[in-house]
Amino acid sequence: MSIWLVGAGSMAQDYAKVLFEIGKPFDVIGRGENSAKIFEQMTGHSVRTGGLKNALDSDVAPHHAIVAVGVEQLASTATELILAGTRRILIEKPAGLDYTEIANLSKIAEKYGTTVLLAYNRRFYRSVVKAHEYIIDDGGVLSAQFEFTEWSHEIEKLSKGKGVLERWLLGNSSHVIDLVFHFIGKPLEWSCWHSGSLLWHPDSARFSGAGVSEKNILFSYLADWQAPGRWGIELNTAKHKLIFRPMEKLQITKIGSVEVEEVSLACELDIKFKPGLYNQTDSFLNSNDQAFCSLKEQVENVKLYSKIAGYPTSLDNIVGN
C-alpha cells in the first residue's frame, strides 16, 4: 500500500504521528523548504519538496493519499491526485473553498471512481462513540440543540489564504453542524435566519434556526459571533441529556436529576494524538468507511451550511452543467 501525506504543516505533523504509530510507511509531499524543515525537525521524517506536480511527474501516484494542505488548495490538490490515478483520498474539511469547488471535485471523483472521504475527526472522538452507546440503549435521540459560536476577536487576527475567513462557517463551524446531523439525520423541514456582518465574514455574524430531521428529531441552534460563547451540542434521549461542551468530553444529566456528571472515557488515543485522528486514519487505511462523511454527502451538506450562513451556491460553474 503506497501512502502519500500531502502537506507539511501542523495538521500534517499530527497525521505523521498517527502513521508512525500505525506502522505504515508513507511519503510526505511538501512545497517550500521552510515548512519542510520544520516538519522534519518536529517528526524526524523527510519531506519531498517541490510540490505535488513534481512528485507526480517523477513517481507513480499513490493508491492512498491524505490531503492536509490549506483550505484554498484542497480541491485542486485532490483533483491532481485523482487525475494521476489515486483511488482513495482522505481530505481535510471542508474539501474546498465553496460549493462550486466541492461539487466539481465530487463530479471528477465520481468520473474516475475515486473514494474521497472528509476528515471530520470529531465523528471519531471517544466521546462521540460513547454517546452512540447511550443513544442505542435509550432508544434513540428525541431532540437536539447546538451552538457554533466562534471567537471573532481571535479569528480576525489569523493569517489565512484568500477566501478562507470569508467562508469560516464552512471551513470551521461545520465541525459542529456535521456532527449534529451525523447523530440526528439531515434536516427535512426547517427554517433559518442570519443577520449581522463582520469585516472578515461579510455575509453573516449571527445565526438561528429550527426544524425536524429526516429521523423525525426536533432540533434548534443559536450562534452569535459578536458575543461570548463556544461550541456545544446537547442531545436529549428518554433517559439522558448528552452534553458535548467541550466536544472532547461527554457529560450527562440523568432523568429525574439536574446534576451534570462527566462520563469517564477510555481515551488514551485521544490524549496521545489529536483527538479522533488515530481512529479516523486507521479507519481510512482499512476501508472502514461507515462513520465518514463522503464527498457526495459533503456536496449536499454544503448547501445546508450555505443556507445557514447566507453563502451563494450558484450552479453556473459546475462541471457538466
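Above this text you will find the structure in question.
Residues numbered from 1 in each chain as written. Predicted model: local features only at pLDDT ≥ 70, side-chain atom pairs only at ≥ 80, totals over all residues. Heavy atoms only, no water.

Caption draft 1: Main features of the overall build of the chain. Counting its secondary structure elements, the chain contains 11 helices and 14 strands. Against the 2.2 N^0.38 benchmark of 20 Å for 321 residues, the chain shows a C-alpha radius of gyration of 20 Å, consistent with a compact globule. In terms of overall dimensions, the chain has a C-alpha envelope of 65 × 45 × 40 Å along the principal axes. Burial status across the chain gives 54% buried among its 321 residues. Approximately 14700 Å² of the chain is accessible, and the part contributed by carbon and sulfur atoms is 50%. Of the side chains in the chain, 33 bear a positive and 38 a negative charge, and the two mean positions are spaced by 1 Å. (Helix = DSSP H or I, 4+ residues; strand = E, 2+ residues; numbered from the N terminus. Rg over C-alpha atoms; globule rule 2.2 N^0.38 Å. Buried < 20%, exposed > 50% of the residue type's maximum accessible area, 1.4 Å probe, protein only. Areas by Shrake-Rupley, 256 points an atom, 1.4 Å probe, with all protein chains shown as cover. Lys, Arg positive; Asp, Glu negative; His and termini not counted. Charge placed at Lys NZ, Arg CZ, Asp CG, Glu CD.)

Caption draft 2: Spatial organisation of the sheet that holds strand 2 (residues 27–29). Strand order in this open sheet of six strands is 2-1-3-4-5-14, and the pairing throughout is mixed. Pairing within the sheet leaves two strands with one partner each, and these edge strands are strand 2 and strand 14 (293–294). One ladder, built from four bridges, connects strand 3 (residues 64–67) with strand 4 (residues 88–91); its direction is parallel. Counted as the bridge partner of alanine 65 is isoleucine 89 from strand 4. Running at roughly 155° to strand 1 (residues 3–6), helix 1 (residues 10–22) makes contact with strand 1, strand 3 and strand 4 of the sheet. (Pairing = 2+ DSSP bridges. Contact = heavy atoms within 4.5 Å. Axes fitted to C-alpha atoms, helices over the stretch in contact; angles between N-to-C directions.)

Caption draft 3: Summary view of the packing of aromatic side chains. Counted according to the given criterion, the structure contains 12 aromatic pairs. Centre to centre, the rings of phenylalanine 146 and phenylalanine 181 are 6.1 Å apart; their planes meet at 80°, and the pair counts as edge-to-face. On the criterion of sequence distance, the pair formed by phenylalanine 146 in strand 6 (residues 143–148) and phenylalanine 181 in helix 8 (residues 168–184) is long-range, its members being 35 residues apart. Assigned by exposure class, phenylalanine 146 and phenylalanine 181 land together as buried. Taking 5.4 Å as the distance between ring centres and 45° as the angle between the ring planes, the aromatic pair formed by phenylalanine 148 and phenylalanine 207 counts as tilted. With a gap of 59 residues between them, phenylalanine 148 in strand 6 and phenylalanine 207 in strand 8 (residues 206–213) connect regions that are remote in the sequence. Exposure class is identical for phenylalanine 148 and phenylalanine 207. Each is buried. A cation over a ring is seen here: arginine 167 above tyrosine 311, with NZ or CZ 4.4 Å from the ring centre. (Phe/Tyr/Trp six-rings, centres within 6.5 Å; stacked < 30°, edge-to-face > 60°. Lys NZ or Arg CZ within 6 Å of the ring centre and 35° of its normal.)

Caption draft 4: Quick peek at the pattern of salt bridges. One pass over the full model with this rule turns up 16 salt bridges. Across the pair aspartate 289 and arginine 88 runs a salt bridge, and its minimum N-O distance is 2.9 Å. Of this pair, aspartate 289 sits in the loop between helix 10 (277–285) and strand 14 while arginine 88 is found in strand 4, placing the two residues 201 residues apart along the sequence. Under the relative-accessibility criterion, aspartate 289 is labelled partly exposed at 26%. With a closest N to O distance of 3.8 Å, glutamate 154 and lysine 157 form a salt bridge. Owing to a relative accessible area of 60%, lysine 157 belongs among the exposed residues under this scheme. Several salt bridges share partner residues, and in doing so they unite Arg123, Asp178, Lys186 and Glu297 into one network. (Salt bridge = Lys/Arg side-chain N within 4 Å of Asp/Glu carboxyl O.)

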